[in-house]
Amino acid sequence: MTAILTNLFDGVAYGMLLFVLACGLAVTLGLMNFVNLAHGAFAMAGGYVCMVLVNRMGWPFFAALPLAFVSAAAIGIVLERSLYRHLYTRSHLDQVLFTIGLTFMSVAVVDYIQGSSRVFINLPAALQGQFDVFGIGIGRYRLMIIVICGLLTIGLQMVLAKTRFGSRLRAAVDDPRAASGLGINVPQVFAFTFAFGCGLAGLGGALSAEILGLDPYFPLKFMIYFLIVVTVGGSSSITGPFLASLLLGIGDVAGKYYVPKMGPFVIYTMMIVILIWRPNGLFGRTAAR
C-alpha cells in the first residue's frame, strides 16, 4: 500500500507537470483553433533560460521561474506578430508544416549554442530529497510542482471562465467578425492569448528540467505527450486536458513501475481506449470553425 500511494503521489506530480507543459497547446488549439506543433520549443526556451540564470549566473531558482515565463512569452509575442498571425485563417495542414519547421529550426539553434548534452537545473537544498508521511515518500520538489501547478490551474480556469478577457476570447474564437463589430480587438486578444500560452510552456519547461532533463531534442521527444494530453482531454476546455494529464501521469508512472518492459506502452494504450470510447476526448466537442 505504501508503494502504491508513493507511486500515486509521483503520478499526480508528473501529471501536473504535463498539464502545465501542455495547457498552452490546449489554449492555442482549443480556444484559438490553431495547431502549434512548435509548442515544445517554447518550453525548451523557458527551461534553458532558467538553467542559464540558475546554473551559470547564480540566480535563486524561484527568481528564475518568472523569467522563464516572461522570456518564452516574449518570444511568443514576437513570432505571433511577425509569423503566426498570417496562418490563423490557413488550413491545419499549413499550420502543422509551418510549426514543425520552426521546431526543427529551434532544435538546430539550441544544439549550435548549447551543445547536445543533457543538462539539469541546480535546485536549492530545500527542494532536494524527500520526507515521509505515514510511510509515504513525498519528494520536496514534486510537492512544490503539485502546489504551483494546482494554483496555476485554478487561476487559469478562473481567468477563462469568470473574467471579461475570457468572454472576449471566446467571442473572438466563435465569430471574429461579430466580435470585431462589438469593439473587441481580435488580433490583440489572440496575440495576448498566444503569448500567455507560450509563457506557460516556458514555465513548464523550467519546472520539468530537473525531472525530464533539457537537451536540444526536448521539443521532439515530448511533442507526442503534449498532443496526447490535448487529444485525450479534448481541446474545448481546460478541465479536459487537466484530468487527462492526471490520468496519463498516474498511468505512466504506474506502468513503468509495475511493468517496466511494457511501461512506455501504457500511456498509448490508455489513449487508444479513451479515444475509442470518446472520439473527441473526455470533454471534447466539434470545433466552432
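The residue numbers shown here count from 1 along each chain, following its written sequence. Thresholds applied to this predicted model are a pLDDT of at least 70 for local features of residues and 80 or more for the giving and counting of side-chain atom pairs; totals over whole chains, interfaces and linings are not thresholded and use all residues. Side-chain numbers here rest on the full set of heavy atoms in the structure, without hydrogens or water.

**Student:** Which residues make up the overall build of the protein, and what values go with them?
**Tutor:** If you tally the helices and strands in the protein, you get 11 helices and 2 strands. Reading the protein from its N end, one meets helices and strands in the order α-α-α-α-β-β-α-α-α-α-α-α-α. We compute the radius of gyration over the C-alpha atoms and compare it with the globule rule, which gives 2.2 Å times the number of residues raised to the power 0.38. Taking 19 Å as the expected radius of gyration for a compact globule of 289 residues, we find that the protein reaches 19 Å, a close match to that expectation. Principal-axis analysis of the C-alpha atoms places the extent of the protein at approximately 60 × 45 × 35 Å. For each residue, the accessible area found with a 1.4 Å probe, counting protein chains only, is set against the maximum for its type, and the residue is called buried under 20%, exposed over 50%, and partly exposed in between. Split into buried and exposed, the 289 residues of the protein put 49% on the buried side. Helix and strand assignments come from DSSP, with helices taken as H or I runs of at least 4 residues and strands as E runs of at least 2, each series counted from the N terminus.

**Student:** Which residues make up the packing of helix α3 (residues 61-82) against helix α8 (residues 186-212), and what values go with them?
**Tutor:** A fitted line through C-alpha atoms serves as each axis, taken over the contacting stretch for helices, and the angle formed by two N-to-C directions is quoted from 0 to 180°. Relative to each other, α3 and α8 sit at 140°, their axes nearing to 7 Å. Comparing their axes, α8 and α3 come out oblique. Between α3 and α8 the crossing geometry is right-handed. Our angle categories are set so that under 35 degrees counts as roughly parallel, over 145 as roughly antiparallel, 65 to 115 as roughly perpendicular, and the remainder as oblique. Helix crossings fall into two classes, left-handed where the near helix is turned counterclockwise from the far one by less than a right angle and right-handed where it is turned clockwise.

**Student:** Quick rundown of the layout of surface pockets? Include the residues and the values.
**Tutor:** A pocket, in this scheme, is an open set of points on a 1 Å grid over the protein atoms alone with protein on both sides within 12 Å along at least 5 of 7 lines, while a cavity is a set where a 1.4 Å probe fits but cannot get out; residues line either one if an atom lies within 4 Å of a point. Grid points are joined across faces, edges and corners, and a volume is the space filled by probe spheres set on the points. Within this model, the second largest pocket holds a volume of roughly 420 Å³. Forming the walls of the second largest pocket are 19 residues, and the residues nearest its centre are Ala-41, Ala-45, Ile-75, Ser-106 and Val-110. Among the secondary structure elements, those contributing two or more residues to the lining of the second largest pocket are α2 (39-56), α3 and α4 (92-114).

**Student:** Tell me what's going on with the packing of aromatic side chains, and back it up with residues and numbers.
**Tutor:** Two rings from Phe, Tyr or Trp (for Trp, the six-membered ring) form a pair when their centres are within 6.5 Å of each other. A pair whose planes differ by under 30 degrees is stacked, one over 60 is edge-to-face, and the rest are tilted. Across all of its chains, the model carries 14 aromatic pairs by this definition. For the ring pair Phe-42 and Phe-194, a centre distance of 6.1 Å and an interplane angle of 90° mean the geometry is edge-to-face. With Phe-42 in helix α2 and Phe-194 in helix α8, this pair connects stretches of sequence that are 152 residues apart. Taking the relative accessible area as the measure of exposure, Phe-194 reaches 0% and is therefore buried. Considering the side-chain rings of Phe-165 and Phe-192, the 5.1 Å spacing of their centres and the 75° angle between planes classify their relative orientation as edge-to-face. Here Phe-165 is found in helix α6 (residues 164-174), whereas its partner Phe-192 is found in helix α8, with 27 residues between them in sequence.

**Student:** Tell me about the packing of α6 against α8, and please be specific about residues and values.
**Tutor:** The interhelical angle for the contact between α6 and α8, taken along N-to-C directions, is 110°, at an axis separation of 10 Å. When the interaxial angle is binned, α6 and α8 end up roughly perpendicular. Between α6 and α8 the crossing geometry is left-handed. Of the residues in α8, those in contact with Phe-165, Leu-169, Ala-172 and Val-173 of α6 are Val-186, Val-189, Phe-190, Phe-192 and Thr-193. When residues are grouped by polarity, Ala, Val, Leu, Ile, Met, Phe, Trp, Tyr, Cys and Pro land in nonpolar, Asp, Glu, Lys and Arg in charged, and all others, Gly among them, in polar. Class assignment for the residues of the contact of α6 with α8 results in 8 nonpolar, 1 polar and no charged. Contacts are assigned to residue pairs that have any heavy atoms within 4.5 Å of one another.

**Student:** Give me the lowdown on helix α9 (residues 218-233), citing residues and values where you can.
**Tutor:** Owing to its 3.6 residues per turn, the α-helix aligns residues three or four sequence positions apart on the same side. Here the expected length of a helix is defined as 1.5 Å per residue gap, with one fewer gap than residues. Taking 1.5 Å of rise per residue, 16 residues should cover 22 Å, and α9 covers 22 Å from first to last C-alpha, within 8% of that figure. Consider a residue and the seven residues that end there alongside the seven that start there; fitting an axis to each set, the bend is the angle between those axes. At Ile-224, α9 shows its maximal bend, which comes to roughly 30°. Taken from the residues just after α9, Gly-234 is the one with a positive phi, measuring 90°.

**Student:** Residues and numbers for the state of the cysteines, please.
**Tutor:** By definition, disulfides here are pairs of cysteine sulfur atoms that lie within 2.5 Å. Applying the stated rule across the entire model yields 0 disulfides. As a non-bridged cysteine, Cys-149 has Cys-23 as the owner of its nearest cysteine sulfur, 8.7 Å distant.

**Student:** Lay out a nonpolar patch on the surface with the relevant residues and their values.
**Tutor:** For patch detection, residues must exceed 30% relative accessible area and be free of salt bridges, and they are connected within 9 Å for like charges or within 5 Å for nonpolar side chains (Val, Leu, Ile, Met, Phe, Trp, Tyr). Computed by Shrake-Rupley with a 1.4 Å probe, the accessible areas treat only the displayed protein chains as cover when residues are assessed. In what follows, salt bridge is the name for a side-chain nitrogen of Lys or Arg lying within 4 Å of a carboxyl oxygen of Asp or Glu. Taken together, the side chains of Ile-4, Tyr-257, Tyr-258, Val-259, Met-262 and Phe-265 present a nonpolar region at the surface, about 630 Å² in accessible area. Tracing the backbone through its elements, the reader meets Phe-265 in helix α11 (residues 263-277).

**Student:** Residue-level account of the nonpolar core, with values.
**Tutor:** Take the buried residues of types Ala, Val, Leu, Ile, Met, Phe, Trp, Tyr and Cys, join any two whose side-chain atoms come within 4.5 Å, and each joined set is a nonpolar core. Grouped together as the largest cluster of nonpolar side chains are 83 residues, with contacts concentrated most on Cys-50, Phe-61, Tyr-141, Phe-190, Leu-207, Phe-218 and Val-232. Once residues within four sequence positions are removed from consideration, Phe-218 is found in contact with Leu-21, Gly-40, Ala-43, Met-44, Ser-208, Leu-212, Gly-213 and Phe-226.

**Student:** Run through the pairing of strand β2 (residues 136-139), naming residues and quoting values.
**Tutor:** Burial along β2 is two-sided: the residues Ile-136 and Ile-138 and Gly-137 and Gly-139 are all buried. Each pair of strands is called paired provided DSSP finds at least two bridges between the two strands. When strand β1 (residues 130-133) meets β2, the two strands line up antiparallel, connected through 4 bridges. Within the sheet, the bridge partner assigned to Val-133 lies in β2 and is Ile-136.

**Student:** Could you give an account of the pattern of salt bridges, naming the residues involved and the relevant values?
**Tutor:** Applying the stated criterion across every chain, the model contains 6 salt bridges. A salt bridge links Arg-142 to Asp-10; the nearest nitrogen and oxygen atoms lie 3.8 Å apart. Of this pair, Arg-142 sits in helix α5 (residues 140-162) while Asp-10 sits in helix α1 (residues 2-31), placing them 132 residues apart in sequence. Measuring nitrogen to oxygen at the nearest pair gives 3.2 Å for the salt bridge that ties Asp-252 to Lys-256. Of this pair, Asp-252 and Lys-256 both sit in helix α10 (residues 239-258), 4 residues apart, roughly one helical turn.

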